[in-house]
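Structure assessment
Take a look at the letters that make up each chain.
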Amino acid sequence: VQLQASGGGLVLAGASLRLSCVASGRTFSGYNVGWFRQTPGKEREFVAGIKWSGGTTTYADSLKGRFTISRDIAKNTVYLQMNSLKPEDTAVYYCAAAARMIHSQIGVLSSYQYWGQGTLVTVSR
């Protein structure tokens, strides 16, 4: 599975962005898909995840209410809607997919087998 993340950019604090993650090579059927983010000098952290079958979602506690993960089955795409963005949301955002995962592990970095290239989100004051 090859993943392509897009939608990043430079925005002002308070703005919204929607990131997209498209899979090529196969569909997301049967996969869990997650979004992670990373800033220089810090570990990659879990943002949100979705189980493709059924659409069950999981969020990092600190981002609940501002970020929403969703999927479009027809487009084989996972989205991350980010609202009320803050400067501390500035990071490279990565999408990842896992073919075999216990759903409770959706926030664990090592659970994922496939990674996209990342898309940069910069939020200025």
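Up top you'll find the structure we're talking about.
Figured I'd write up the structure that's included with this text. Every value quoted in this text rests on a predicted model; they were computed, and no experiment measured them. (Residues numbered from 1 in each chain as written. Predicted model: local features only at pLDDT ≥ 70, side-chain atom pairs only at ≥ 80, totals over all residues. Heavy atoms only, no water.)

When helices and strands are counted, the protein shows zero helices and 11 strands. Its helices and strands taken in sequence order, the protein reads β-β-β-β-β-β-β-β-β-β-β from the N to the C terminus. In terms of overall dimensions, the protein is globule-like: its C-alpha atoms have a radius of gyration of 13 Å, near the 14 Å expected for 125 residues. Considering only contacts within the protein whose residues lie at least 6 apart along the sequence, 57% involve residues at least 24 apart. Accessible surface for the protein amounts to roughly 6300 Å². Of this, 49% is attributable to carbon and sulfur atoms. (Helix = DSSP H or I, 4+ residues; strand = E, 2+ residues; numbered from the N terminus. Rg over C-alpha atoms; globule rule 2.2 N^0.38 Å. Contact = heavy atoms within 4.5 Å. Areas by Shrake-Rupley, 256 points an atom, 1.4 Å probe, with all protein chains shown as cover.)

Taken as a whole and assessed by the stated rule, the structure comprises one disulfide. Each disulfide pairs two cysteine sulfurs, and for C21 the partner residue is C95, the sulfurs being separated by 2.2 Å. The sign of the S-S torsion, about 70°, decides the handedness of the disulfide formed by C21 and C95: right-handed. Taken together, the residues span a long stretch of sequence, with C21 in strand β3 (residues 17-24) and C95 in strand β9 (residues 91-98) at a distance of 74 residues. Both residues of the pair, C21 and C95, count as buried. (Disulfide = S-S within 2.5 Å. Buried < 20%, exposed > 50% of the residue type's maximum accessible area, 1.4 Å probe, protein only.)

Here the focus is the nonpolar core. Nonpolar side chains tend to gather and get buried jointly when the protein is soluble and globular. Core analysis: the biggest nonpolar cluster contains 37 residues, and F28, W35, V78, L80, M82 and Y93 have the highest contact counts within it. The set of elements that each furnish at least two residues to this core consists of β1 (2-6), β3, β4 (32-38), β5 (45-51), β7 (67-72), β8 (77-82), β9 and β11 (119-124). Considering each element in turn, this core owes the most residues, six residues, to β9. (Core = buried A, V, L, I, M, F, W, Y, C linked by side-chain atoms within 4.5 Å.)

Interpretation note: all reported values are geometric properties and have no functional meaning in isolation.
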